[in-house]
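# Examining the three-dimensional arrangement
Residue strings, one per chain:
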Amino acid sequence: MNWRYKHTALALCTLAFTATMVARLVISPLIPQIRLEFGVTNATVGLGLSGMWLAYALAQFPSGVLGDRYGERTVILTAVGATAVASLLIAVSPSIVAFIAFAVVLGAGAGLHYSVATTFLTRQFDDIGRAIGVHVAGGPVAGLAAPPLAAFVGSRYGW
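The shown structure was predicted, so the numbers you read here are calculated from the model rather than taken from an experiment.

## So, the packing of aromatic side chains
- Within this structure, the stated rule accounts for three aromatic pairs.
- Seen in terms of ring centroids, Phe17 and Tyr114 are 5.4 Å apart; in terms of plane orientation they differ by 50°. Their pairing is tilted. Highlighted residues: Phe17 in helix α1 (residues 5-25) and Tyr114 in helix α7 (residues 113-124), separated in sequence by 97 residues.
- Residue Phe17 is classed as buried on the basis of its relative accessible area, which comes to 6%.

## Quick word on the side chain of His113
- Here His113 shows up in helix α7.
- Note on His113: relative accessible area 0%, which makes it buried.
- Those residues in contact with His113 that sit more than four places away from it in its chain are Cys13, Ala16, Phe17, Thr20, Ile76, Ala79 and His135.

## Re the pattern of salt bridges
- Enumeration according to the criterion identifies two salt bridges in this entry.
- Between Arg123 and Glu72 there is a salt bridge, with the nearest N and O atoms lying 2.9 Å from each other. Of this pair, Arg123 sits in helix α7 while Glu72 sits in helix α5 (residues 72-91), and the two are 51 residues apart along the sequence.
- Owing to a relative accessible area of 53%, Arg123 belongs among the exposed residues under this scheme.
- Taking the shortest distance from any N to any O, the salt bridge between Asp127 and Arg130 comes out at 3.3 Å.

## Some points on the nonpolar core
- Counting 16 residues, the largest nonpolar core has Ile27, Ile34, Val45, Phe99 and Leu106 as the members making the most contacts within it.
- For this core, the elements supplying multiple residues, two or more each, are α2 (31-38), α3 (42-58), α5 and α6 (96-111).
- One finds Ala9, Leu10, Cys13 and Val116 within the second-largest nonpolar core, a separate group that totals 15 residues.

## Brief notes about α7
- Taking 1.5 Å per residue as the helical rise, α7 with its 12 residues ought to reach 16 Å, and the 16 Å between its terminal C-alpha atoms agrees with that figure.
- Within the span of α7, buried status applies to His113, Val116, Ala117, Thr118, Phe120 and Leu121.
- The inward-facing, buried residues of α7 contact α1, α4 (60-70), α5, α6 and α8 (128-136).

## Focus: α6
- Look at α6: 22 Å from first C-alpha to last across 16 residues, which is about the 22 Å you get at 1.5 Å a residue.
- Its buried side turned inward, α6 meets α1, α2, α3, α4, α5 and α7.

## Re a nonpolar patch on the surface
- Where nonpolar side chains cluster on the molecular surface, the patch consists of Val85, Leu88, Leu89 and Val92 and spans about 350 Å² of accessible area.
- Summarising the element assignment, Val92 is placed in the loop between α5 and α6.
- Of the residues examined, Val92 reaches a relative accessible area of 54% and is grouped as exposed.

Reading the values: the criteria
- Residues numbered from 1 in each chain as written.
- Predicted model: local features only at pLDDT ≥ 70, side-chain atom pairs only at ≥ 80, totals over all residues.
- Heavy atoms only, no water.
- Phe/Tyr/Trp six-rings, centres within 6.5 Å; stacked < 30°, edge-to-face > 60°.
- Helix = DSSP H or I, 4+ residues; strand = E, 2+ residues; numbered from the N terminus.
- Buried < 20%, exposed > 50% of the residue type's maximum accessible area, 1.4 Å probe, protein only.
- Contact = heavy atoms within 4.5 Å.
- Salt bridge = Lys/Arg side-chain N within 4 Å of Asp/Glu carboxyl O.
- Core = buried A, V, L, I, M, F, W, Y, C linked by side-chain atoms within 4.5 Å.
- Expected span 1.5 Å × (residues − 1).
- Patch = residues over 30% accessible without salt bridge, like charges linked within 9 Å, V, L, I, M, F, W, Y side chains within 5 Å.
- Areas by Shrake-Rupley, 256 points an atom, 1.4 Å probe, with all protein chains shown as cover.

Read these as layout, nothing more, since geometry by itself doesn't imply function.
Structure representation (structure tokens):
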């Protein structure tokens, strides 16, 4: 197999999907520390996380429209950038209200990625099923690695 642009695109899209998934999954193991930091209940933190996942779901449709209008690469980069910025803002949240707001932004940013990346990859590959399968594998990899790593880092260094 000769390494081509399409393979680089697949690797980068898979890495981007993994990153957006990691950003969402590392929060849950830190809920006890988040509760203590802000003096709130599980329900309050859960509300923020529910908002994040709702924003993620709602961003799926507009991501396709934005991809058609501005180009897939632009939207993919925007999704990764928004995810990174929102993650940083969550980490330095001064209040639970800010935490919830940034979690919602994180969900919306991460939600922009998948639909557009799938469209982009279908333009690159003839064997679409294989390419999408590799791309989607980034999610389970994140699900396997992110929570225990977040729990370890959170217990060692704190929220």
